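Read off the chains here:
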Amino acid sequence: MTVDRTHFTPLQRGLHWLMALCILAMLFIGVGMVSTITQSYVTLVSIHKPLGIAILVLALIRLVVRLRYGAPALPADLPIPMKLAAKLSHYAFYALMLAMPLLGWGMLSAAAYPIVMFGGVTLPPILPQSDSLHTLLWNAHFYLAFAFFALILLHVAAALFHALIRRDGVFEAMAPVPSHDQDLAPAE
Amino acid sequence: MSAPTPSSARSVIGPLVLIAAVVAGGAAAFAFTAGWFSPQRLTPVKLVDALAPPTGPALGHRRNHAKGICFTGAFEANGAGSALSTAQVFASGRSPVVGRFNLGTPDPKVVDATVRVRGISLRIMPPGGQEWRTAMIDLPFFPVATPQAFYELLTASASKAPDAMKSFAAAHPEIGAFGAWAGTAPFTASYAEERYNSLNSFLFTDASGTDHAVRWSLLPAAQPTFLSVADLTARGPDVLEQDIIDRVGKGPQTWTMTVTAANSGDPTADPSKAWPDDRKTVQVGTLTVNKIEPEADGPCRDINFDPTVVPSGIKLSDDPFPSARSAAYAVSFDRRTAEAKDYPRVATEAKP
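Residues numbered from 1 in each chain as written. Chains lettered and ligands numbered in written order. Predicted model: local features only at pLDDT ≥ 70, side-chain atom pairs only at ≥ 80, totals over all residues. Heavy atoms only, no water.

K.L.:
What exactly am I supposed to notice about the overall build of chain B here?
P.N.:
Within chain B, the regular secondary structure consists of eight helices and twelve strands. Judged by the C-alpha coordinates and their principal axes, chain B covers about 90 × 55 × 45 Å. Counting the 352 residues in chain B, one finds 52% classified as buried. For chain B, restricting intrachain contacts to residue pairs at least 6 apart in sequence, the fraction spanning at least 24 positions comes to 76%. (Helix = DSSP H or I, 4+ residues; strand = E, 2+ residues; numbered from the N terminus. Buried < 20%, exposed > 50% of the residue type's maximum accessible area, 1.4 Å probe, protein only. Contact = heavy atoms within 4.5 Å.)

K.L.:
Sorry, what's going on with the overall build of chain A here?
P.N.:
Each helix and strand in chain A was counted, giving five helices and four strands. The order of α-helices and β-strands along chain A, N terminus first, is β-α-α-β-α-β-β-α-α. The principal-axis extent of the C-alpha atoms belonging to chain A is close to 55 × 30 × 25 Å. Out of the 188 residues in chain A, the part that is buried amounts to 47%. Sequence separation of at least 24 residues holds for 72% of the intrachain contacts in chain A that already meet a minimum separation of 6. On chain A, roughly 9500 Å² of surface is accessible, and the fraction owed to carbon and sulfur atoms is 75%. (Areas by Shrake-Rupley, 256 points an atom, 1.4 Å probe, with all protein chains shown as cover.)

K.L.:
What should I look at first to understand the pairing of strand E8 (residues 211-220) of chain B in this one?
P.N.:
Where a strand is regular, its side chains alternate between the two sheet faces. Residues and elements named next belong to chain B. When strand E6 (residues 196-197) meets E8, the two strands line up antiparallel, connected through two bridges. Pairing of Asn-197 across the sheet is with Ser-217, part of E8. Direction of pairing for strand E7 (residues 202-205) relative to E8: antiparallel, over a ladder of four bridges. Following the sheet pairing, Thr-205 is matched in E8 by Asp-211. For E8 and strand E10 (residues 253-261), the ladder comprises seven bridges, and the chain directions are antiparallel. Within E10, the position partnered with Leu-218 by the bridge is Met-257. (Pairing = 2+ DSSP bridges.)

K.L.:
How do you make sense of the packing of helix H4 (residues 131-166) of chain A against helix H8 (residues 321-338) of chain B when you look at a structure like this?
P.N.:
Each pair of packed helices can be described by the angle between their axes along with the distance between the axes. One way to put it is that H4 of chain A packs onto H8 of chain B with a least axis distance of 8 Å and a crossing angle of 115°. Read as a crossing pair, H4 of chain A and H8 of chain B show a hand that is left-handed. Along the contact surface, H4 of chain A presents Asp-131, His-134, Thr-135 and Trp-138 of chain A, while H8 of chain B presents Phe-333, Asp-334, Thr-337 and Ala-338 of chain B. Classifying every residue of the contact of H4 of chain A with H8 of chain B gives three nonpolar, three polar and two charged. (Axes fitted to C-alpha atoms, helices over the stretch in contact; angles between N-to-C directions. Left-handed = near helix turned anticlockwise from the far one by under 90°. Nonpolar A, V, L, I, M, F, W, Y, C, P; charged D, E, K, R; others polar.)

K.L.:
Teacher, can you tell me more about the side chain of Asn-200 of chain B here?
P.N.:
All names here are of chain B. When you line up the elements, Asn-200 lands in the loop between E6 and E7. Engagement of the side chain of Asn-200 in a polar contact is seen with the side chain of Asp-319, the distance being 3.0 Å. Excluding anything up to four places from it in sequence, Asn-200 contacts Val-214, Arg-215, Pro-271, Asp-319, Phe-321, Pro-322 and Arg-325. (Polar contact = N/O pair within 3.5 Å; in protein donor to acceptor, adjacent residues only side chain to side chain.)

K.L.:
Whenever I open this one, the interface of chain B and chain A confuses me. Can you help?
P.N.:
Often, the extent of an interface is quoted as the loss of accessible area on bringing the components together. Taken together, the contact between chain B and chain A spans 48 residues of the former and 34 residues of the latter. Interface area, chain B with chain A, both sides summed: about 3300 Å², of which 67% is carbon and sulfur. For the salt bridge of Asp-131 of chain A with Arg-301 of chain B, the shortest nitrogen-to-oxygen distance reads 2.8 Å. Every element with two or more residues in the side of chain B that touches chain A is listed here: helix H1 (6-33), helix H2 (44-51) and H8 of chain B. In terms of residue count, the dominant contributor to the side of chain B that touches chain A is H1 of chain B (twelve residues). (Buried area = accessible area lost by both parts, 1.4 Å probe. Salt bridge = Lys/Arg side-chain N within 4 Å of Asp/Glu carboxyl O.)

K.L.:
Teacher, can you tell me more about the environment of Leu-139 of chain B here?
P.N.:
Tracing the chain through its elements places Leu-139 of chain B in the loop between strand E4 (132-137) and helix H3 (147-158). Considered as a pair, Leu-139 of chain B and Val-48 of chain B are 91 residues apart in the sequence and their alpha carbons are 21 Å apart.

K.L.:
Help me out: how do you make sense of the confidence of the model for chain B in this one?
P.N.:
In low-pLDDT segments, the atomic positions of the prediction should not be examined closely. Per-residue confidence for chain B gives a mean pLDDT of 94; residues scoring 70 or more make up 95%. Confidence metrics for the complex model read pTM 0.93 and ipTM 0.91. (pLDDT = per-residue confidence, 0-100.)

K.L.:
Would you mind going over the pattern of salt bridges with me for this structure?
P.N.:
Oppositely charged side chains are able to pair whenever their charged atoms sit close together. This structure, assessed with the given rule, holds 21 salt bridges over all chains. Its salt-bridge partner being Glu-339 of chain B, residue Arg-63 of chain B comes within 2.7 Å of it at the nearest N-O pair. Of this pair, Arg-63 of chain B sits in the loop between H2 and strand E1 (67-77) while Glu-339 of chain B is found in the segment after H8, placing the two residues 276 residues apart along the sequence. With relative accessibility at 14%, the residue Glu-339 of chain B sits in the buried group. Where Lys-315 of chain B meets Asp-211 of chain B, a salt bridge forms, and the shortest distance between an N and an O atom there is 2.9 Å. Pair noted here: Lys-315 of chain B is in strand E12 (residues 314-316) and Asp-211 of chain B is in strand E8, with a separation of 104 residues, a long-range link. In this structure Asp-211 of chain B comes out as partly exposed when scored by relative accessible area, which is 35%. Each of the salt bridges in this network shares a partner with another, and the network as a whole consists of Asp-131 of chain A together with Arg-301, Asp-302 and Arg-345 of chain B.

K.L.:
It is not clear to me how the environment of Ala-149 of chain B should be interpreted in this structure. Could you clarify?
P.N.:
All names here are of chain B. Residue position: Ala-149 is located in helix H3. Under the relative-accessibility criterion, Ala-149 is labelled buried at 0%. As a C-alpha pair, Ala-149 and Asp-277 span 128 residues in sequence and 26 Å in three-dimensional space. In this view, Ala-149 contacts Val-144, Phe-168, His-172 and Glu-174; residues no more than four positions away in its chain are not counted.

What follows is the structure, encoded as structure tokens:
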């Protein structure tokens, strides 16, 4: 779904950059925590769980906002493969943003761990206790985390490619600060 | 996009280099955080690998304390613990318990009499869902002061180098106290006759918000009867399991839970140092074991008795072990659940 707007709405930009921060933090916390036995292990795990649920909530809000407000059209002269890559990567981002927290939640449920949020609030399990489910979800959560990070690197590279080389307004559409340079808007 | 001219080709080299640098930098930061550039870092995987005997781990089983038997029962709090902690589990009342008696060994088929360290694990589930998991052992103090030293102990024990243990003991003199205990402390005849200790220090938070550094213990109601290793061995390889099945079959077995509060200055970050006997100790309730179940299809098998699963009102202290145990137990749990086919969820031996 595309709209005439040349930029994402301020709400969309706010969500994008807030989630960028949360997801990057989440991925670094994830690989950091599983590689240490120091006291930061427990600290990081206790952040990882509620932050994951926060990302799930933000991703659901973002999906609704995206369906409501759509996205600016990509530049007309963007080669078809790049357009396709842009579209597919966005689907992948939404899938991962929603799936990763659910996989984590499901994995903890299948292991009969309490799912503790900040302030001692505990979420209910979403799956019954199960060895095989735990293993399946654990593997998915683990390998998809690396895929997620690789996708983010690709996304950053593409964003910079648009910003610095093509200078086609795609970066400015989601830039963290509103752009006043209308010359950079995509040519339609 | 028009075909690039020589000048525009030059102008993209800078940005391309920048993009490559950003991507490479991001990947490197990620790899650094994951410890890929820090081979010296003690990871939970290394710690768990070090627990395996030379023949390799017993697939599908816990990587340590591998031999055990499940039980169900209850913890009846008398309310006295509420003076130290707001945790609901200490408010007067009864909480169901799933637990496990176990032996400190990576071998699930070990002869009971050959294992020096015995343990009990509890999952206490008070109404309201704020559960408390604790895994305790019968040692009066832990053999070493830090998780790093524990790893070095495992490495030294497994090492073929003749001086490995000697140099370990020189670097970690606290191991001497354990050696003395292991050489002289008598063996009891039963899991039911053991006193079990948390060894690790935790913080209890009371209603006024004050933290108290504490350790806890389970004191058996059964009178200990001491046996020589030879006598214990003569009773069979699974003497402790058979004994606890028989005892609990005749009637519930109980322990009194006590909580000991540190004086200021007592070592809380070092479980190899016992606190003096005169510290304030509160009886907080009674653990009753009502039913024994084989591990294979018992309720404790797939529970990770992670000591950092604590309710509001209990916090971790500066003791480095609970975190290290949590990290390692998670790896052990992930592995054994992935190996479930190697330890089918049905009892292969006759049920009690």
